[in-house]
Amino acid sequence: MSSTNQAYSFFQGVERNFDKAAKFTRFEKGILEQIKACNSILRIKFPVKIGNDIEVIEAYRVQHSHHKLPCKGGIRYSMDVNQDEVMALAALMTYKCAMVNVPFGGGKGGIRIDPKKYTPFELEKITRRYTSELAKKNFIGPGIDVPAPDYGTGAREMSWIVDTYASLYPGELNAQACVTGKPIAQGGVRGRTEATGLGVFYGIRELCNVEEEMTKVGLPVGIAGKKIIVQGLGNVGYYAAKFFQEAGAILVGLAEYEGGIYDAKGLNLEDVMAHRKNTGAILDFPGATNFSNSADTLEQPCDILIPAALEAVIHKDNAAKIQAKVIGEAANGPLTPDADEILNKMGVIIVPDMYLNAGGVTVSYFEWLKNLSHVRYGRMEKRFSENMNAEIVKNVENLTGKRIGEAERKMLLRGPDEVDLVYSGLEDTMISSFHEIREALKMNQGVEDMRTAAFICAINKVGVAYEELGIFP
Ligand code: NAD
């Protein structure tokens, strides 16, 4: 954890943000306490043979809320994993799912290892053993709890999980739905890999398209030409940076764990990635200034700052030095509550994690639905749409007496592929949820930041679900 405050509790930070918003809701204390509480916490230790030694591995799975099932949330591999962190991340998942109308309870898992220290074979052994432990304790299953990738994990780990689960439950028709973020051949959905980064882009693009918001921070409308700094070039950060660059934004700063680079004229993402592959670091990129202390990159001039690595990277000691007008929380919990207060006072627009990085869980929901329905998106309607489109084009041509050009014809006739439908569902979710948050900002006098407004939206939805479930006497 990068915070200089050693006593920082991520979970308490989430609770602090929750309490700030809860005041603006109508729920009684008991309901609010129930929403906040972590329902089930699993802490396990299991032995794995690594080389000639036996290593005892520490791991967690937290189900924060059962108001909707299954629980949903990623699995993290990092030496920073601890119970407080997993609880906080699970809680954020509850609010995130509610915010973007994905019908799941919040969950999260973590294994306290440095994945860089193990061979793929050793990682596979650890992942498979972790999955069996979850199965033994009833902490995984298509209707119980469905993990996904997070920091330090990806499609490879998810394929080991689904394979282990399926072999533990032979004949289970819906076994593939026990985890999301899988490779396509294992039941994954097209568009999941880039979903979180793409969702970050859609969310920030929507903000930048609202003139009222841009006027507040003195920036012109639109993404093109905006100067961006991204921290963390993993799954989320890399794709977010890629989509910003493709939309005409200028990547002025990039930060990784080995250091950061800055060039006011702009950095080409693919060139930086190739340079990192060749030299082992993003540092010494031609024309760019180096920052051996990676965190210094965050303090450089830019319009939009995208922290996409880990939590608490902006804290009370560096918050006032941030020059960005907009911070897009691609990572979970990148700002401590102290930093949040300082930056809000400075007039910075903070687009909160529980909304902005929800693209991953949104497309995970689509993957889960695909697995339960056992059919690829677009399979039923693609040809039908193409035939209908051909009819419309033919009629337009007959009526106008003109022939549509070949490029336009190709575009108009095309029926949707799976990836088109996934992107469209994601874009719609990010746009409509953004406006839900803005609506809550306008409706609640005294609420001035998007995080509190997003929490109000989420608490209202989870609170109603608990009320409808009924509380037993
Ligand atoms: P990842 O492991 O793919 O990438 C993280 C990157 O951050 C790595 O390249 C790592 O080297 C880099 N990094 C680590 N410490 C750093 C530091 N101090 N400074 C700069 N870079 C550093 O992880 P990810 O899946 O991209 O997750 C990143 C964040 O996004 C996490 O907070 C995660 O919880 C959140 N998130 C991920 C998803 C998802 O779908 N993967 C969904 C929602 C939220």
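Just so you know, the residues in each chain are numbered from 1, in the order the chain's sequence is written. In keeping with the predicted nature of the model, local features appear solely for residues at pLDDT of at least 70, side-chain atom pairs appear and are counted solely at 80 or more, and the whole-chain, interface and lining totals rest on all residues. Derived side-chain values reflect all non-hydrogen atoms in the structure, with water molecules and hydrogen atoms excluded from consideration.

Caption draft 1: Representation of the overall build of the protein chain within the structure. Each helix is a run of H or I in the DSSP string that is no shorter than four residues. Each strand is a run of E no shorter than two, and both are numbered from the N terminus. For the protein chain, the helix and strand inventory stands at 16 helices and 12 strands. Radius of gyration (C-alpha) of the protein chain: 23 Å, near the 23 Å computed for a compact globule of 473 residues. With respect to the principal axes defined by its C-alpha atoms, the protein chain has extents near 75 × 55 × 55 Å. Counting all 473 residues of the protein chain, 56% fall into the buried class. Only C-alpha atoms enter the radius of gyration, while the globule expectation follows 2.2 Å times N to the 0.38, with N the number of residues. Buried residues are those whose accessible area, probed at 1.4 Å on protein chains only, stays under 20% of the maximum for their type, while exposed residues exceed 50% and partly exposed ones sit between those limits.

Caption draft 2: Structural view of the packing of helix H2 (residues 29–36) against helix H16 (residues 450–469). Angles run from 0 to 180 degrees between N-to-C directions of axes, and those axes are lines fitted to C-alpha atoms, restricted for helices to the stretch in contact. With their axes 10 Å apart at the nearest point, H2 and H16 run at an angle of 110° to one another. Our classification of the angle between H2 and H16 gives roughly perpendicular. Taking contact as the criterion, the partners of Ile31, Leu32, Gln34 and Ile35 in H2 are, on H16, Ile459, Val462, Gly463, Tyr466 and Glu467. Note on angle classes: values under 35 degrees are labelled roughly parallel, values over 145 roughly antiparallel, values of 65 to 115 roughly perpendicular, and the remainder oblique. Whether two residues touch is decided by their heavy atoms; if any such pair falls within 4.5 Å, the residues are in contact.

Caption draft 3: View of the site of the ligand. When at least one non-hydrogen atom of a residue lies within 4 Å of a molecule or strand, that residue is treated as near it. Taken together, the neighbourhood of the ligand is formed by 23 residues, with Arg76, Asp150, Thr196, Glu256 and Asn332 sitting nearest. The term polar contact refers here to a pair of N or O atoms within 3.5 Å; inside protein, the definition further demands a hydrogen-donor-capable atom paired with an acceptor-capable atom, and it admits residues adjacent in sequence only when both atoms are side-chain atoms. Note that an oxygen atom of the ligand is positioned 2.8 Å from one of the side-chain N or O atoms of arginine 76. At 2.8 Å from an oxygen atom of the ligand is found a side-chain nitrogen or oxygen belonging to threonine 196. Burial of the ligand by the protein amounts to 87% of the accessible area it has alone, namely 830 Å². Secondary structure elements with two or more residues in the shell around the ligand: helix H8 (235–246) and strand S7 (250–256). Method for areas: the Shrake-Rupley scheme with a 1.4 Å probe, in which residue coverage is limited to the protein chains shown.

Caption draft 4: Geometry of the pairing of strand S2 (residues 53–63). Strands qualify as paired when DSSP identifies two bridges or more between them. Relative to S2, strand S1 (residues 40–50) runs antiparallel, the two being bridged by 11 bridges. Following the sheet pairing, isoleucine 41 is matched in S2 by valine 62. Hairpin connection of S1 to S2: two residues between the antiparallel strands, including glycine 51 at a positive phi of 60°.

Caption draft 5: Examining the sheet that holds strand S3 (residues 71–77) more closely. In space, the five strands of this open sheet follow the order S1-S2-S4-S3-S5, with mixed pairing throughout. Every other strand in the sheet has two partners, leaving S1 and strand S5 (145–149) as the edge strands with one partner each. Averaged over all neighbouring strand pairs, the angle between strand axes comes to 25°, with direction disregarded. Packed on one face of the sheet, helix H3 (residues 83–99) meets S1, S2, S3 and strand S4 (105–111) and runs near 150° to S4. Of the strands in this sheet, S1, S2, S3 and S4 are in contact with helix H4 (residues 120–136), which crosses S1 at around 140°.

Caption draft 6: Inspection of empty space enclosed by the protein at higher detail. Points on a 1 Å grid over protein atoms alone make up a cavity when a 1.4 Å probe fits among them but cannot get out, and a pocket when they form an open set with protein on both sides within 12 Å along at least five of seven lines; lining residues each have an atom within 4 Å of a point. Grid points are joined across faces, edges and corners, and a volume is the space filled by probe spheres set on the points. Under the counting rule described, the total for this entry stands at one cavity of 30 Å³ or more. Counted as a void, the largest cavity has a volume near 90 Å³. Every residue along the wall of the largest cavity is listed here: Tyr8, Phe10, Gly13, Val14, Asn17, Leu92, Gly333, Leu335, Pro337, Asp353, Arg451 and Phe455. Among the elements that make up the lining of the largest cavity, the one with the highest residue count is helix H1 (residues 10–22) (four residues).

Caption draft 7: Structural context of the sheet that holds strand S11 (residues 326–328). Reading across the sheet, the seven strands line up as S9-S8-S7-S6-S10-S11-S12 and stay open at both edges, with mixed pairing between neighbours. Strands at the two margins of the open sheet, each flanked by one partner only, are strand S9 (289–291) and strand S12 (349–351). Sheet twist, expressed as the mean angle between neighbouring strand axes with direction ignored, is 15°. Of the strand pairs in this sheet, strand S6 (residues 227–231) and S7 are connected by five bridges, and their pairing is parallel. The residue of S7 that forms the bridge with isoleucine 229 is glycine 253.

Caption draft 8: The side chain of aspartate 340, seen in detail. By secondary structure assignment, the location of aspartate 340 is in helix H10 (residues 337–345). We classify aspartate 340 as buried; its relative accessible area is 2%. A polar side-chain atom of aspartate 340 sits 2.8 Å from a polar atom in the side chain of arginine 451. Contact partners of aspartate 340, with chain neighbours within four places excluded, come to Asn17, Lys20, Leu335, Ile350 and Arg451.

Caption draft 9: Quick peek at the layout of surface pockets. Space inside the second largest pocket adds up to approximately 200 Å³. Forming the boundary of the second largest pocket are Glu213, Lys216, Val217, Asn344, Gly347, Val348, Ile349, Ile350, Leu441, Glu448, Asp449 and Met450. Among the secondary structure elements, those contributing two or more residues to the lining of the second largest pocket are helix H7 (211–216) and S12.

Caption draft 10: Here's a closer look at the packing of aromatic side chains. Each Phe, Tyr or Trp ring, with Trp reduced to its six-membered ring, pairs with another whose centre is within 6.5 Å; inter-plane angles below 30 degrees give stacked pairs, above 60 give edge-to-face pairs, and intermediate values give tilted ones. The full count for this structure, using the stated rule, is 14 aromatic pairs. Consider the rings of phenylalanine 18 and phenylalanine 455, whose centres lie 6.4 Å apart with planes at 80°: the pair is edge-to-face. Linking phenylalanine 18 in helix H1 with phenylalanine 455 in helix H16, this pair joins segments that are 437 residues apart in sequence. Residue classification places phenylalanine 455 among the buried positions, given a relative accessible area of 2%. Each member of the aromatic cluster is reached from another via a ring pair, and the members are Phe201, Tyr202, Tyr238, Tyr239, Phe243 and Phe244. Placement of a positive charge over a ring is assigned whenever Lys NZ or Arg CZ falls within 6 Å of the ring centre and within 35 degrees of the normal to the ring plane. The ring of tyrosine 257 has lysine 116 sitting right over it, with the charged end atom 4.6 Å from the ring centre. A cation sits over an aromatic face here: lysine 242 above phenylalanine 243, 5.2 Å from the ring centre.

Caption draft 11: Representation of the environment of valine 189 within the structure. Tracing the backbone shows valine 189 in the loop between helix H5 (155–168) and helix H6 (195–208). The class of valine 189 is buried, set by a relative accessible area of 2%. Note: C-alpha distance between valine 189 and asparagine 293 (104 residues apart in sequence) is 38 Å. Residues within four places of valine 189 in sequence aside, it is in contact with Ile184, Val363, Glu367, Lys370, Tyr377, Glu418 and Val422.

All we've got here are geometric facts, nothing functional implied.
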